[in-house]
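What the coordinates show
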Amino acid sequence: MNIALHFEGEKLFAETEISFDENVPELSFILNSGLEISGVSCDEKSAEPTIETVYEPLFCAEVKKYSVKCGSDFGRVKICYSGKISGWHNIITDDIIELNRYGVWLPCEMSCEAERFLTVSGCEDYFLVKGEFDGSLWHYSAGEWDMNIIIYRKSKLQTVSGKYISIYYADNSLNEAADFSKNIFEDVLDYYTKELFRKEYSGGHMEMACLYPALTSGGAYKRDGLIVCISPGTDEKEAVGVNAHEMAHTWCSGADVGSWEDWLNETTAEWSMLLYCLDRNKTEIFDAMIAEHMEKSPGFPPIKTADGSRPEGVHTKGTVLFYKLYKTFGAETIKSAIRIFVGLEAKTTEKLLAEMRAQGLSESAGVLEKGLAQK
Ligand SMILES: [Zn+2]
């Protein structure tokens, strides 16, 4: 996939060329509703896309679903489009740009497979996180589902690097915070690999992209080798939060994120962070984080839904449920539950509870089972 990208103000201009392994009679795809398509061609022949539906995919901005036909089969399509981008954690500013799957800025959910290795032109003045620059073009592998593209103007980019992490940011006010965050990251990794998960870290060099001041709220997320956040943490609590929760997802993941089962990913990641706080005597941070969850929890519905959908607040609800377990059975039980989850082949609540019972944690499994249905 080749893409020529340029930016003006808050707008994105893209010319995307997609090649298919075999010729196809038609192509359908989705694209952010805020983007206008100005031209489509199939094997150089101009075509008129039709809009089939408008909807909001889970977690994403509103999209239009298009279909393109050309009268005969084609093996290559070129789509030109431009406009403002919406969606969680999507922003275009002069110095920092973040586009991701939630903003559906590239054609996706395509009816036919195409490789997602991007060659990006038009971004010579920028640094593309996790990209490779050959002197004129950026090369970038967009994941199967993801299409994060995080770009800093080269003249503004600041980097703090450690053995396992590079932190990128574009605002001098974050110098100290980035340095501090790097040290927290290394300490967190030490705790996770030596004590909690007792597994070597094989995730490769981590890159943390900080969006401040382009974005000032919105939280953080983790992908392979990448943490995307607002700031590296302006105080210790924030630095622990972003590093320890997001890094825990290296191990704490695999349950279906689109269903209520996502409580498993989020609760085990959050509690990995809380266990780190306990181990390193950061009890004030532990207490403050628990207090925040306790306060928010009553406003959310039960974790387990009748139709399997993902209710709001599973992260908080699950953390409070584990807190109940912690108060009754102690930190070792929480560690065991997390390790059991990490070791499961099929990451479901049913399997977790069964394995906990098999390992002599029946009472704890009972508390969890009951708590999942409670408001
Ligand atoms: Zn998380």
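Criteria and thresholds
- Residues numbered from 1 in each chain as written.
- Predicted model: local features only at pLDDT ≥ 70, side-chain atom pairs only at ≥ 80, totals over all residues.
- Pairing = 2+ DSSP bridges.
- Helix = DSSP H or I, 4+ residues; strand = E, 2+ residues; numbered from the N terminus.
- Axes fitted to C-alpha atoms, helices over the stretch in contact; angles between N-to-C directions.
- Contact = placed C-beta atoms within 7 Å.
- Domains from an automatic or database assignment.
- Nonpolar A, V, L, I, M, F, W, Y, C, P; charged D, E, K, R; others polar.

**Quick notes on the sheet that holds strand S14 (residues 158-161)**
- The mixed open sheet is built from five strands, whose spatial order is S14-S15-S16-S18-S17. One side of each edge strand has no neighbouring strand; the edge strands of this open sheet are S14 and strand S17 (221-223). Neighbour-to-neighbour, the strand axes of the sheet open up by a mean angle of 15 degrees, direction not taken into account.
- Summarising the sheet, S17 and strand S18 (residues 226-229) pair through three bridges and their orientation is antiparallel. Bridged to arginine 223 within S18 is leucine 226.
- Along the sheet, helix H1 (residues 175-196) contacts S14 and strand S15 (165-169); its crossing angle with S15, the most-contacted strand, is approximately 155 degrees.

**Re the domain arrangement of the chain**
- Segmentation of the chain into domains returns domain 1 (2-152), domain 2 (158-248) and domain 3 (262-372).
- The centre of domain 1, based on its C-alpha atoms, is set 28 Å off from the matching centre of domain 2.
- With 14 residues of domain 1 in contact, the opposing surface of domain 2 contributes 13 residues.
- Contributions of two or more residues to the side of domain 1 that touches domain 2 are made by strand S8 (96-99) and strand S13 (149-153).
- Considering only residue class, the side of domain 1 that touches domain 2 consists of six nonpolar, four polar and four charged.

**Description of the sheet that holds S8**
- With antiparallel pairing, four strands are arranged side by side in an open sheet as S7-S8-S13-S10. Each having just a single partner strand, strand S7 (91-92) and strand S10 (126-128) make up the two edges of the open sheet.
- Note that S7 and S8 share two bridges and pair antiparallel. Each bridged residue has a counterpart across the sheet, and for isoleucine 91 the counterpart in S8 is glutamate 98.

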